[in-house]
Amino acid sequence: MGAATRRIHVGNALSAFGLGFTVPYLYVYVAQVRGLGSVTAGLVLAVFAVAALIVLPFAGRAIVRRGPLPVLLVALVTAALGAMSLGLSASAGTVLASAAALGAGQAVMQPALATMIVDCSTTETRSRAFAMQFFLQNLGLGVGGLIGGHLVDTTSASSFTLLFAIEAAMFLVLTAVMATVRSPHAPRIEAAPGQTGGGSWKQLLGNRAMVQLCVLGFVLFFACYGQFESGLSAYGVEAAGISTSALGTALAANTLMIVVAQFAVLKFVERRKRSRVIASVGLIWAVAWAVAGYAGLGHGSQAMATAAFISTYALFGLGEAMLSPTLAPLVADLAPTGLAGQYNSAFALVKQLALAIGPAVGGPLGASLHGPYIVAFLLFSLGITVLAVRLGRQLTDVQNQPSLARSRVVTQGGAPADAVVAAEA
C-alpha cells in the first residue's frame, strides 16, 4: 500500500471506531436518558435514513466536480458537529436536527472514501484494498462498541455526552489525517458495455450492468443487513426464545467471522468470477436462513436453538467477507473514467433504501409470522444467486474476473511460444 492508501484505511478505522461508541446506544440515549420517549427515538433512527437519501444524489455530482477529498472533509466536519450537538441536546427538535447532520455526514463519507480508494488502487489491487477497508470497519465498530459499553451509564447523561464527544473527536482527527492525502487517479477498465461520456443520472441508468448491480445490491442489503437488528433479532427472541445475551453473542460471532475469515476468503475470491462469488453468497445465506428456521421452528432444545441462531449470524459474516472485495470494486470498474464518485453514490443510495425498507418489512414479519418470514428471506437469498448469474452475462471478462487482466499482461509481455521453442532447439 502507498502512503495515501494507508491513511485512507486509518481514516476508515477511526470513523468506524467513533461510530461504534454511539450507534448501539442511540435508542436508549434518546428514549430513556433524555426522556424523550420511544416515538422520538424511532424518529431519530428514521432521520438517519432520510438524511442519507436526501444528500446522496447530490454527493455523487459533487465528488465528480470537486473531487472526493473536499467532499469528504465537509462531510466529516458536518458529522462531527452533529455528533457533538447530539450529545448536548435535550429537546426533541435539537436531537432530530443533530441526527440529521450526523446522518448526512456519515452517508456522504461512504462514497467519498470509496472513490479515494478507487483512485489509489488499480484493477488488480482494488479487491484487496476494499477487503482491508471492510476488515478495519468491522474491527473499529467492534472495539468502539466494546469500549463504549463500559463507559456508558444509563443513569448519567454526561456519560453519553462523553461518548458523542469521542465520536466527534474521531471525525475531527480523521479530517486532519485525510487533509494530508494526495491521491493519484487510478486507471479504469475501458470499453465496457454501456459506458459513454457524461455524468448525468440518465447516463448511469443507461448502463445495464450497473442497473442490474443496483437491483442485486438492493436485494443483498434488504435480505441481510436490513434484518440484523430488526427482523432476524425479533424472530430470534419471539420464535427461538433467544436471550438478549445470546443475541449479543450472535452479533459478536458475525463480526468475529469477518475479522478471522476476511483475508483467507480474499485469496479464494481474487481468482474467481465476481458473479459466481456473489451467487455463492446467495446460496450460503439461503443455508443461513434454513439454519435460522431450525432455531425457531425445529422444536429442538434451547441450547441447540441458540447454537443454530449464532451459526446463522456467523454464516452471514462469511458471506459479507466474500462480498467486501467483490461489490465495491465492481462498482468502480463499471464506472466510466472520472465518474466513480457518482457510481459509488448511486450504489450507496440503493444500500440506504434497502436499509430503510428492510427493518420496516422484516421487523413485524419476524416478530409475528415466523414461518413465512424464514421462507420469504430464504427465497430472497436464492434470488441473489439468480440475479448474480444474470449480471455475469452483462460484464466483460475482465470486469467479471480482474485477474485475467494481469494474466494477459504477463502473456503479452513474455516471449512468444514459437521463439522459446526455437531458442531451446
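Residues numbered from 1 in each chain as written. Predicted model: local features only at pLDDT ≥ 70, side-chain atom pairs only at ≥ 80, totals over all residues. Heavy atoms only, no water.

Enquirer: Quick question: what am I supposed to make of the overall build of the chain here?
Expert: Within the chain, the secondary structure is distributed over 19 helices and 0 strands. The long-range share in the chain, meaning contacts at least 24 apart out of those at least 6 apart in sequence, stands at 85%. About 17,500 Å² of surface is accessible on the chain, with carbon and sulfur atoms providing 68% of the total. (Helix = DSSP H or I, 4+ residues; strand = E, 2+ residues; numbered from the N terminus. Contact = heavy atoms within 4.5 Å. Areas by Shrake-Rupley, 256 points an atom, 1.4 Å probe, with all protein chains shown as cover.)

Enquirer: Even after reading the chapter, I still don't get a nonpolar patch on the surface, so can you show me in this structure?
Expert: Together, L139, V143, L146, I147, L151 and L162 give the surface a local cluster of nonpolar side chains, amounting to about 470 Å² of exposed area. In terms of residues, the nonpolar patch owes the most to one element, helix α6 (residues 126-151), which gives 5 residues. Relative to the helices and strands, I147 resides in helix α6. (Patch = residues over 30% accessible without salt bridge, like charges linked within 9 Å, V, L, I, M, F, W, Y side chains within 5 Å. Salt bridge = Lys/Arg side-chain N within 4 Å of Asp/Glu carboxyl O.)

Enquirer: Sorry, what's going on with the confidence of the model for the chain here?
Expert: For the chain, per-residue confidence averages 80 on the pLDDT scale, and residues scoring 70 or more make up 89% of the total. In this model residues 186-199 is a low-confidence stretch, pLDDT under 50, and it forms 43 contacts with partners more than four residues away in sequence or in other chains. (pLDDT = per-residue confidence, 0-100.)

Enquirer: Where do I start with the pattern of salt bridges in this structure?
Expert: A pair can form between side chains of opposite charge whenever their charged atoms are brought close. Evaluation of the coordinates by the stated rule reveals 1 salt bridge. The salt bridge partner of D333 is R274, with a shortest N-O separation of 2.9 Å. Linking D333 in helix α14 (residues 327-334) with R274 in helix α12 (residues 274-297), this pair joins segments that are 59 residues apart in sequence. Its relative accessible area of 3% is what places R274 among the buried residues. (Buried < 20%, exposed > 50% of the residue type's maximum accessible area, 1.4 Å probe, protein only.)

Enquirer: Just checking my understanding: could you explain helix α7 (residues 157-178) for this structure?
Expert: An α-helix turns once every 3.6 residues. As a result, residues three or four positions apart point the same way. Between its first and last C-alpha atoms α7 spans 32 Å; for 22 residues at 1.5 Å apiece the expected length is 32 Å, and the two agree. Buried residues along α7 sit in contact with α1 (3-22), α2 (26-33), α4 (68-88), α5 (92-119) and α6. (Expected span 1.5 Å × (residues − 1).)

Enquirer: Would you take a moment to explain the nonpolar core for this structure?
Expert: Most often, soluble globular proteins have nonpolar side chains that are buried together. Counting 109 residues, the largest nonpolar core has M178, M210, L213, L232, W285 and F309 as its most contacted members. No other element matches α5, which puts 11 residues into this core. Dropping the residues within four chain positions of it, F309 is found in contact with L232, S233, Y235, G236, I242, L247, A250 and A295. Of all hydrophobic cores here, the second largest spans 5 residues; its members include A52, L56, A107 and A348. (Core = buried A, V, L, I, M, F, W, Y, C linked by side-chain atoms within 4.5 Å.)

Enquirer: What should I look at first to understand helix α15 (residues 340-368) in this one?
Expert: For α15, which comprises 29 residues, the first-to-last C-alpha distance of 42 Å matches the rise-based estimate of 42 Å (1.5 Å per residue) to within 8%. Its axis deflected by about 30 degrees at G362, α15 carries its strongest bend there, up to four residues before the proline P364. (Bend = angle between axes of the 7 residues up to and from the residue.)

Enquirer: What am I meant to see in the packing of α12 against helix α16 (residues 370-392) here?
Expert: In a pair of packed helices, the angle between the axes and the distance between the axes together describe the arrangement. Contact pair α12 / α16: the axes reach a minimum separation of 7 Å and the direction vectors enclose 170 degrees. Here α12 lies roughly antiparallel to α16, going by the angle between them. A class-by-class count of the residues in the contact of α12 with α16 yields 17 nonpolar, 8 polar and no charged. (Axes fitted to C-alpha atoms, helices over the stretch in contact; angles between N-to-C directions. Parallel < 35°, antiparallel > 145°, perpendicular 65-115°, else oblique. Nonpolar A, V, L, I, M, F, W, Y, C, P; charged D, E, K, R; others polar.)

Enquirer: Please clarify how empty space enclosed by the protein should be interpreted in this entry.
Expert: Leftover empty space is mapped by rolling, across the atoms, a probe with the size of a water molecule. Following the criterion strictly, the structure yields 1 cavity of 30 Å³ or more and no others. Empty space within the largest cavity amounts to approximately 100 Å³. Lining the largest cavity we find 11 residues, and of these E124, S127, E270, P402 and S403 sit closest to its centre. Class assignment of the residues belonging to the lining of the largest cavity gives a composition of 3 nonpolar, 3 polar and 5 charged. (1 Å grid on protein atoms, 1.4 Å probe; cavity = no way out; pocket = protein on both sides within 12 Å on 5 of 7 lines; lining within 4 Å. Points joined across faces, edges and corners; volume = space filled by probe spheres on them.)

Enquirer: Help me out: how do you make sense of the packing of aromatic side chains in this one?
Expert: The geometry of an aromatic ring pair is captured by two quantities: the separation of the ring centres and the angle between the planes. Scanning the model with the defined rule gives 15 aromatic pairs in all. Measuring from ring centre to ring centre gives 5.2 Å for F222 and F380, while their planes differ by 70 degrees; the resulting arrangement is edge-to-face. Of the two residues, F222 is situated in helix α9 (residues 208-223) and F380 in helix α16; the sequence distance between them amounts to 158 residues. Exposure remark for F380: the relative accessible area of 32% places this residue in the partly exposed category. Through successive ring pairs, a cluster of aromatic residues spans F218, F222, Y235, W285, W289, F316, Y373, F377 and F380. (Phe/Tyr/Trp six-rings, centres within 6.5 Å; stacked < 30°, edge-to-face > 60°.)

Enquirer: Is there a simple way to think about the environment of L96 in this case?
Expert: Along the chain, L96 turns up in helix α5. On the basis of relative accessible area, L96 is assigned to the partly exposed category, the value being 25%. For the pair L96 and F48, spaced 48 residues apart in sequence, the C-alpha to C-alpha distance is 9.1 Å. What L96 contacts, discounting residues up to four positions off in sequence, is T40, L43, V44 and V47.

Enquirer: I'm lost on the side chain of Q227 in this one. Help?
Expert: Residue position: Q227 is located in the loop between α9 and α10 (231-238). From its side chain, Q227 meets the backbone oxygen of F222 in a polar contact 3.0 Å long. Setting aside anything within four residues of it in sequence, one finds Q227 in contact with F222, L232, S233, W289, G358, G362, Y373 and F377. (Polar contact = N/O pair within 3.5 Å; in protein donor to acceptor, adjacent residues only side chain to side chain.)

Enquirer: Can you walk me through the environment of L73 in this structure?
Expert: Within the element layout of this structure, L73 appears in helix α4. You can call L73 partly exposed: its relative accessible area is 23%. The spacing of L73 and L172 is 99 residues in sequence and 9.2 Å in space, taken between C-alpha atoms. In this structure L73 touches T175, M178 and A179, once residues within four positions along its chain are discounted.

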